[in-house]
Amino acid sequence: MASFRILHMYPELMNLYGDRGNLLCLQKRIEWYGHRCIIEKQGLDNRTDFASVDMVFMGGGSDREQGLVYRDLLEKAATLLEHIENGLPVLCICGAYQLLGNSYIDFDGRSMSGLAFFPFYTRAGSKRLIGNVIISSQINGIDETVVGFENHGGRTYFEDPFLKPFGRVIKGFGNNGEDGSEGIVYKNLIGTYLHGPLLPKNPGVADFFIEAMFARQGLKMEKYLDDSIENTAHQQVINKIMNSK
Ligand code: GLN
């Protein structure tokens, strides 16, 4: 039996719309696969040892919370980026995703530099982009739908055509409501606007991270879980969204 540790960064500040449910989903699925998983919380100013964890998670947060965590995150940025380049699985939702870019300009025009991990910027618009979302994603090498809920004022624009979106929007707004992209994927990192929480209704995305965590400990996914309930929930969300006006 292997043990896995998932780091939840800034749980008191960055955790909107049930994003913490993503951690419960990963923990439960890892246990169903026959291994142990503990969730470690890390607040502001805590020392962070990314080498000792198997995955990092950051949830969504309002502009104010983003500002509070930004300075702390900046101090950890170089080490975090090094681990991302080495394949550390990372899931960043909404506000946390926005901070990975070059800048975030809030609705009052205040500009916050991002961590500059990726060449994209986010600018808040007057109308919030709110609603259920369906995207088509290929993170597992096949086309699969991913469902979620978005609520963000920020519009994210890629500044490099080689950046890969997490998926293409089928229904909803995505990164900016204009270019059909949603989120970003880079190695084992996913940034996305999809709250929900994302993972329980998208078992393929949950297993994307679990497979990466297993591989980094030299383990293979010998079996796959019975996801009939998860897939029914997923399909119900699709039916609901596609039948809504
Ligand atoms: N404050 C950011 C925005 O409104 C992110 C919000 C969120 O994390 N849901 O765009």
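Residues numbered from 1 in each chain as written. Predicted model: local features only at pLDDT ≥ 70, side-chain atom pairs only at ≥ 80, totals over all residues. Heavy atoms only, no water.

Overview of the packing of helix α1 (residues 21–32) against helix α4 (residues 203–216)
Two quantities define a packed helix pair, namely the angle between the axes and the distance from one axis to the other. Their axes nearest at 10 Å, the elements α1 and α4 cross at an angle of 65 degrees. Where α1 crosses over α4, the two elements pack in a sense that is right-handed. Mapping the contact onto sequence places C25, L26, R29 and I30 in α1 and P203, A206, D207, F209, I210 and M213 in α4. Split into classes, the residues belonging to the contact of α1 with α4 amount to eight nonpolar, no polar and two charged. (Axes fitted to C-alpha atoms, helices over the stretch in contact; angles between N-to-C directions. Helix = DSSP H or I, 4+ residues; strand = E, 2+ residues; numbered from the N terminus. Left-handed = near helix turned anticlockwise from the far one by under 90°. Contact = heavy atoms within 4.5 Å. Nonpolar A, V, L, I, M, F, W, Y, C, P; charged D, E, K, R; others polar.)

Things to note about the pairing of strand β4 (residues 90–93)
Residues V90 and C92 line one face of β4 and the alternating positions L91 and I93 line the opposite face, and both faces are buried. In this sheet, β4 lies alongside strand β3 (residues 55–58) in parallel orientation, the contact comprising three bridges. If you follow F57 over to β4, its bridge partner there is L91. Read as a crossover between parallel neighbours, the route from β3 over helix α2 (residues 63–85) to β4 is right-handed. (Buried < 20%, exposed > 50% of the residue type's maximum accessible area, 1.4 Å probe, protein only. Pairing = 2+ DSSP bridges. Right-handed = clockwise from strand over helix to strand, strands pointing away.)

Re the site of the ligand
Near the ligand you find 17 residues, and of these G61, D63, Q66, C94 and G154 are the closest. N151 places a main-chain nitrogen or oxygen 3.0 Å from a nitrogen atom of the ligand. Mapped onto the shell around the ligand, the elements with two or more residues apiece are α2, α3 (95–98) and β8 (144–158). Here the shell around the ligand takes four residues from β8, the largest share from any one element. (Near = heavy atom within 4 Å. Polar contact = N/O pair within 3.5 Å; in protein donor to acceptor, adjacent residues only side chain to side chain.)

Concerning the nonpolar core
Residues L26, L91, I190, L199, V205, F209 and M213 are the most contacted members of the largest nonpolar core, which totals 65 residues. Of all the elements, α4 adds the most residues to this core, at seven residues. I134, V147, I238 and I241 belong to the second largest nonpolar core, which has five residues in total. (Core = buried A, V, L, I, M, F, W, Y, C linked by side-chain atoms within 4.5 Å.)

Digging into the sheet that holds strand β11 (residues 184–186)
Taken in spatial order, the six strands of this open sheet run β2-β1-β3-β4-β12-β11, and their pairing is mixed. Edge positions in the open sheet fall to β2 (36–42) and β11, since each of these has one partner strand only. Taking the axes of each pair of neighbouring strands and ignoring which way they run, one obtains an average angle of 15 degrees across the sheet. Relative to strand β12 (residues 189–192), β4 runs parallel, the two sharing four bridges. Along β12, the bridge assignment pairs V90 with L189.

As for the pairing of β2
Bridge analysis of strand β1 (residues 3–9) against β2 gives seven bridges, and the strand direction is parallel. Note on β2: the bridge partner recorded for M9 is Q42. Traced from β1 through α1 to β2, the parallel crossover comes out right-handed.

Side note on the packing of aromatic side chains
Considering all chains together, one arrives at nine aromatic pairs under this definition. Residues Y97 and F120 carry aromatic rings whose centres are separated by 5.3 Å and whose planes lie at 55 degrees to one another, so their mutual orientation is tilted. Of this pair, Y97 sits in helix α3 while F120 sits in strand β7 (residues 120–137), placing them 23 residues apart in sequence. Both residues of the pair, Y97 and F120, count as buried. Here the aromatic rings of Y97 and Y193 are separated by 5.3 Å at their centres, their planes lie at 70 degrees, and the arrangement is edge-to-face. Residue Y97 is found in helix α3, and its partner Y193 is found in the loop between β12 and α4; the two are separated by 96 residues along the sequence. (Phe/Tyr/Trp six-rings, centres within 6.5 Å; stacked < 30°, edge-to-face > 60°.)

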